[in-house]
Amino acid sequence: MQEQNCNNVECVTPQPQYIGVRKRKWGKWVSEIREPGKKTRIWLGSYEAPEMAAAAYDVAALHIKGPNTRLNFPELVDSFAKPTSDKAKDVQTAAQEAAKSMRVRRMELEGGGGDIPVQVRLSPSQIEAINEAPLDSPKMWMELGADNLSVSYEEIEMEEWDEMDYNYSIWD
């Protein structure tokens, strides 16, 4: 829990300070890095948490400035994606992957995800299996029920059929 510094005018909660990260007025955390030998910057993204923006910066800084640069999370550098080339787009893509990995770490530490969406990647064969046998499929339920059926149709007398209540659905 962070302490609050209060004075007579306002009460401010100190925010973590990470290299290459700043907070927008509306609460998002952004990160960017200057391209070497140029006046331009590579935009690394806007994120919901400062750690995500810091991880994005680390990937870009390591790639652009080299292994001796100061990083926010030097202990995690081996787990982050590496840019495939020096192109700004490739640096951005790797930075965004690192930010996503920090969101997953953050969710694990917080014990859930709350309302943060998580992308799940499935193989084509897994997607095909899901599409072929959806859980609401009557065929699937019939196949499952057939294994557990303890009474055969021959064992039920015709008069018992007349006494059965048919006013309900097994799909409710």
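Computed from a prediction, not measured in an experiment: that's the story for all the values here.

A few words on the overall build of the protein chain. A tally of helices and strands in the protein chain yields five helices and five strands. The order of α-helices and β-strands along the protein chain, N terminus first, is β-β-β-β-β-α-α-α-α-α. Within the protein chain, the fraction of its 172 residues that count as buried is 27%. Surface summary for the protein chain: the accessible area is close to 13200 Å², and the carbon and sulfur share equals 52%.

Attention now moves to the pairing of strand 5 (residues 41–47). Note on strand geometry: in a regular strand, side chains alternate between the two faces of the sheet. By the bridge criterion, six bridges tie strand 4 (residues 29–34) to strand 5 in an arrangement that is antiparallel. Residue pairing for strand 5: Arg-34 is matched across the bridge by Arg-41. What sits between the antiparallel neighbours strand 4 and strand 5 is a turn of six residues, in which Gly-37 has the positive phi angle 75°.

Take the nonpolar core next. Grouped together as the largest cluster of nonpolar side chains are 28 residues, with contacts concentrated most on Ile-33, Leu-44, Phe-80 and Met-102. At the level of elements, strand 4, strand 5, helix 1 (50–65) and helix 2 (88–110) are the ones that each hand at least two residues to this core. If you tally residues by element for this core, the top one is helix 1, at nine residues. Excluding residues that lie within four positions of it along the chain, Phe-80 makes contacts with Ala-55, Asp-58, Val-59, Ala-98, Ser-101 and Met-102.

The element strand 4 is extensively covered by neighbouring structure, given that five of its six residues are classed as buried. The sheet contact formed by strand 3 (residues 21–23) and strand 4 spans three bridges and is antiparallel. In the strand pairing of strand 4, Val-21 is matched with Ser-31.

Okay, the environment of Glu-97 next. Following the sequence through the fold, Glu-97 ends up in helix 2. The partly exposed category is assigned to Glu-97, whose relative accessible area is 32%. Separated by 41 residues in the primary sequence, Glu-97 and Ala-56 place their C-alpha atoms 7.8 Å from one another. Excluding residues within four positions of it along the chain, Glu-97 makes contact with Ala-81 and Arg-121.

It is worth spelling out the environment of Ile-19 at this point. For Ile-19, the location among the structural elements is in the loop between strand 2 (11–12) and strand 3. Here Ile-19 falls in the partly exposed class, since its relative accessible area comes to 23%. Residues Ile-19 and Ala-53, spaced 34 residues apart in sequence, show a C-alpha to C-alpha distance of 9.4 Å. If we ignore the near neighbours within four places in the chain, the residues touching Ile-19 are Tyr-57, Arg-70, Leu-71 and Asn-72.

With that settled, the discussion passes to the pattern of salt bridges. Pairing between side chains becomes possible if they bear opposite charge and their charged atoms approach one another. Inspection of the entire model under this criterion finds three salt bridges. Measuring nitrogen to oxygen at the nearest pair gives 2.8 Å for the salt bridge that ties Arg-22 to Glu-32. Taken together, the residues span a long stretch of sequence, with Arg-22 in strand 3 and Glu-32 in strand 4 at a distance of 10 residues. Classification of Arg-22 as partly exposed rests on a relative accessible area of 36%. Classification of Glu-32 as buried rests on a relative accessible area of 19%. Notably, a salt bridge pairs Glu-97 with Lys-100, separated by 3.7 Å at the nearest N-O pair. Of the two residues, Glu-97 and Lys-100 are both situated in helix 2; the distance of three residues between them amounts to about one turn of the helix. Taking relative accessible area as the criterion, Lys-100 reaches 32% and is therefore assigned partly exposed.

About the thresholds
Residues numbered from 1 in each chain as written. Predicted model: local features only at pLDDT ≥ 70, side-chain atom pairs only at ≥ 80, totals over all residues. Heavy atoms only, no water. Helix = DSSP H or I, 4+ residues; strand = E, 2+ residues; numbered from the N terminus. Buried < 20%, exposed > 50% of the residue type's maximum accessible area, 1.4 Å probe, protein only. Areas by Shrake-Rupley, 256 points an atom, 1.4 Å probe, with all protein chains shown as cover. Pairing = 2+ DSSP bridges. Core = buried A, V, L, I, M, F, W, Y, C linked by side-chain atoms within 4.5 Å. Contact = heavy atoms within 4.5 Å. Salt bridge = Lys/Arg side-chain N within 4 Å of Asp/Glu carboxyl O.

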